[in-house]
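# Survey of secondary and tertiary structure
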There are 2 protein chains.
Amino acid sequence: MRKFNFCAGPSALPTEVLEELREEILDWKSQGLSVMEMSHRSKEVVEIAETAKQDFIDLMNIGSDYDVLFIQGGASLQFSMVPMNLLTPSNALCNYLNVGQWSKKAIKEAKKYGDVNISASSEEDSFKKYPSPNDWKVDENASYLHLVMNETIDGACIRNHENLPDVDLVADCSSCILSEPLDVSKFALIYAGAQKNIGPAGLAIVIIRRDLLTEKNDIPAMMNYKTYSDSDSMYNTPPTFAWYLSGKVFKWLKNKGGLENQKKENESKANKLYGFIDSSDFYKNDVDIESRSIMNVPFLMNDESLNQKFLAESEQAGLLNLGGHRSVGGMRASIYNAVPPAGIDALVEFMKDFEKENG
Amino acid sequence: MRKFNFCAGPSALPTEVLEELREEILDWKSQGLSVMEMSHRSKEVVEIAETAKQDFIDLMNIGSDYDVLFIQGGASLQFSMVPMNLLTPSNALCNYLNVGQWSKKAIKEAKKYGDVNISASSEEDSFKKYPSPNDWKVDENASYLHLVMNETIDGACIRNHENLPDVDLVADCSSCILSEPLDVSKFALIYAGAQKNIGPAGLAIVIIRRDLLTEKNDIPAMMNYKTYSDSDSMYNTPPTFAWYLSGKVFKWLKNKGGLENQKKENESKANKLYGFIDSSDFYKNDVDIESRSIMNVPFLMNDESLNQKFLAESEQAGLLNLGGHRSVGGMRASIYNAVPPAGIDALVEFMKDFEKENG
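A brief structural summary. (Residues numbered from 1 in each chain as written. Chains lettered and ligands numbered in written order. Predicted model: local features only at pLDDT ≥ 70, side-chain atom pairs only at ≥ 80, totals over all residues. Heavy atoms only, no water.)

### Comments concerning the relation of the copies chain A and chain B
- Of the two same-sequence chains, chain A is brought onto chain B (RMSD 0.0 Å, axial shift 0.0 Å) by a rotation of 180°. Classification of the inter-copy transformation places it as that of a two-fold axis.
- A share of 100% of the interface residues of chain A reappears at the interface of chain B, consistent with the copies meeting face to face through the same patch. (Least-squares fit on C-alpha atoms with pLDDT ≥ 70 in both. Contact = heavy atoms within 4.5 Å.)

As structure tokens, then:
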């Protein structure tokens, strides 16, 4: 029996998608083999890949001045690909926001290839309050400004995109992609690891403005965005299974009503959970209200000695993976698209009962 | 109904493995979720990953002076990781064999980071005859010598490993790994893309002698072998599904009797196919007999105008993906571990019938 899975990543996939997969795993459309066993150059896989790409473009409403690339290595490889592709010998300056653990990793890699100006940092606030764009110190001579849109570990994000600076913005959207509509035209480059809202681990999607696709003969072909754009992301064998399954997730999202519908559903899920936490004296979420993520909801109990009991009993109740990140402890509910509203209801009911018994 | 699949990659997976996968895809061991949906830090996934690694070590009989790494990006990323990790400012010289299309790609990437000495080339022989180690011009001051052990496109390989030079050898074994026993101790580093004899695309396995694991602060963390070794290949989210399924393939191989058994089975399969081709005046294989691959068997008909008919009718007969690589044309049967002996029998029967009707 399927349970509710609040894992931060790799995370829940829609049950309907996995059911479809199960039907096809030995024999895709009576072809006598699985998609995993087909050449990436076959017309079948090329069509699966192109359809997935187009569905993603439709969902995100991406203009033709952008290309969409499917790349291995996760967001962590993007931490390097971004500076290796966007910095030049004549301009190796870049702006970074320091808004959490993933920002710090991105900054560390960028420093190997460029000069990093920290435009804003929330480290003094323990990453609990996302700095307002009005307070960013942006060096406008820099090649780009990099920001992690939603920090998965701390559950803080930037949701108001009104006052973003008018520079080339590079956004890590790993844990918020496809959760709500996003105005792609405000960004130069967006990337996201697949294993949260897209599909299985082993894939990252990059949305890149086409003028940034430049041939670089001094970096590996596999690290050059142009290699992927020129080859429809099939310069070498791509992770065909992850791509195929991601395509099924995109169809599922489209059939559900696209990102406007997801926004409503996700806000409703998040509001219910935050609302309950805020109404309780037993639980708390200490992220600045304006910065609260609708995808990752960390919470604490006043009595931390109850943490292990909470995690053991919630697992018994069929609510999986509610532990906080190993670097911060506590609890965290990651409520990505594939976690249904019923999962939130079940979680809140469990939390109420747990409070009653232990409060 | 499952058909016989001769695809060069991504290629056939054992039906038994896919059947096991199908059972687990919605609910792994009654845990209420699939392996794809579990944290890579969970004890379950860590155990799956460690077991897969150990089974691979057992199959290949790898000594403790080597580590085994699970990396994204396929063999094509290794073309860059090898020189980025093994070359140094004080020694940027490396030897490469030019024995096919994949060798050429590896050489192109190495030239971005070092000075490449071509120790031998079979290009004048259209890559149909693997150069004998006795004829290699090895610069012994170089950091390493790189060779592609089995060239998938042309079907030529080096099978006799008696006279390999006593230098650090780096071998791309993508299309021959696990096909027969290999004396790992003769090599400094071995790598292989998964999508032929290991598992689904999106994973490469690297076997590296531990003294070559060095911290490199001037290359991306994701490109440094030491990052993977220090983190049990979990520095970032690894491709957990590909790793899990590869583990099932390793168990399947162990249960079948390991690589000694595979060698017997694969040689028997290859001998049957080459034997039939050689006995026929209608088909031919033009690879030097000593260099013939036991994994990739290209063949031609004297009348090339029959190629399309052959491919269409073989597909009708349930024999899939027999087309040669787009760069060379003709036909090719890739007969990896997951292609059973019965697949060879069916192919030979079909080829006989086709010859009768069209010869």
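So much for the structure itself; the text now carries on.
### A few points about the packing of helix α1 (residues 15–24) of chain A against helix α6 (residues 240–256) of chain A
Residue and element names in this part refer to chain A.
- The N-to-C vectors of α1 and α6 enclose an angle of 130°; their axes lie 10 Å apart at closest approach. Considering the angle they form, α1 stands oblique to α6. Of the two elements, α1 crosses α6, and the hand of that crossing is right-handed. Across the interface between the two elements, Glu16, Val17, Glu20, Leu21 and Glu24 of α1 pack against Phe241, Tyr244, Leu245, Lys248, Val249 and Trp252 of α6.
- A breakdown of the residues in the contact of α1 with α6 according to their chemical character gives 7 nonpolar, no polar and 4 charged. (Axes fitted to C-alpha atoms, helices over the stretch in contact; angles between N-to-C directions. Helix = DSSP H or I, 4+ residues; strand = E, 2+ residues; numbered from the N terminus. Parallel < 35°, antiparallel > 145°, perpendicular 65-115°, else oblique. Left-handed = near helix turned anticlockwise from the far one by under 90°. Nonpolar A, V, L, I, M, F, W, Y, C, P; charged D, E, K, R; others polar.)

### A closer look at the environment of Ile190 of chain A
All names here are of chain A.
- Here Ile190 is to be found in strand β9 (residues 189–193).
- For Ile190, a relative accessible area of 1% translates into the label buried.
- Each C-alpha atom of the pair Ile190 and Ala171 lies 4.8 Å from the other, and the pair is 19 residues apart in sequence.
- Sequence-distant contacts of Ile190, defined by excluding residues within four places in its chain, comprise Ala171, Cys173, Ile177, Leu182, Val184, Ile205, Val206 and Ile207. (Buried < 20%, exposed > 50% of the residue type's maximum accessible area, 1.4 Å probe, protein only.)

### Looking at the interface of chain A and chain B
- If you look at the interface, chain A gives 63 residues, while chain B gives 63 residues.
- Both sides of the chain A and chain B interface together cover about 4,900 Å² of buried area, and 57% of this is carbon and sulfur.
- Glu37 of chain B serves as the salt-bridge partner of Arg2 of chain A, at 2.7 Å between the closest nitrogen and oxygen.
- For the pair chain A and chain B, the interface holds 22 residue pairs in polar contact (both at pLDDT 80 or more).
- Mapped by element, the contributors of at least two residues to the side of chain A that touches chain B are α1, α3 (74–86), α4 (101–110) and α6 of chain A.
- Considered class by class, the residues forming the side of chain A that touches chain B number 29 nonpolar, 22 polar and 12 charged. (Buried area = accessible area lost by both parts, 1.4 Å probe. Salt bridge = Lys/Arg side-chain N within 4 Å of Asp/Glu carboxyl O. Polar contact = N/O pair within 3.5 Å; in protein donor to acceptor, adjacent residues only side chain to side chain.)

### Points about the sheet that holds strand β2 (residues 66–71) of chain B
Residues and elements named next belong to chain B.
- Spatial strand order, β2-β10-β9-β8-β5-β3-β4: 7 strands in an open sheet with mixed pairing. For this open sheet the edge positions go to β2 and β4 (115–121), each flanked by a neighbour on one side alone. Averaged over neighbouring strand pairs, the angle between their axes works out to 20° when direction is ignored.
- Summarising the sheet, strand β3 (residues 93–98) and strand β5 (residues 145–148) pair through 2 bridges and their orientation is parallel. Bridge pairing in β5 links Asn95 to Leu145.
- Running over the sheet, helix α3 (residues 74–86) touches β2, β3, β8 (169–172), β9 (189–193) and β10 (204–209) and is turned about 155° from β9.
- With respect to the sheet, helix α4 (residues 101–110) is in contact with β3, β4 and β5, its orientation differing from that of β3 by roughly 160°. (Pairing = 2+ DSSP bridges.)

### Topic: unusual backbone geometry
- A cis amide bond, omega -10°, links Gly9 of chain A with the succeeding residue Pro10 of chain A.
- Positive phi is not limited to glycine here, since Ser126 of chain A has a value of about 50°.
- Structurally, the position occupied by Ser126 of chain A is in the loop between β4 (115–121) and β5 (145–148).
- Unlike most non-glycine residues, Asn61 of chain B shows phi in positive territory, near 55°.
- Here Asn61 of chain B is to be found in the loop between α2 (43–60) and β2.

### Here we look at the sheet that holds β9 of chain A
Residues and elements named next belong to chain A.
- In spatial order, the strands read β2-β10-β9-β8-β5-β3-β4; together these 7 strands make up an open sheet with mixed pairing. Pairing within the sheet leaves two strands with one partner each, and these edge strands are β2 (66–71) and β4. Taken over all neighbouring pairs, the strand axes of this sheet differ in orientation by 20° on average, direction set aside.
- Pairing between strand β3 (residues 93–98) and β4: 6 bridges, direction parallel. Each bridged residue has a counterpart across the sheet, and for Cys94 the counterpart in β4 is Val116.
- Running over the sheet, α3 touches β2, β3, β8 (169–172), β9 and β10 (204–209) and is turned about 155° from β9.
- Together, β3, β4 and β5 form the strand contacts of α4, whose direction differs from that of β3 by roughly 160°.

What is shown is where atoms sit, not what they do.
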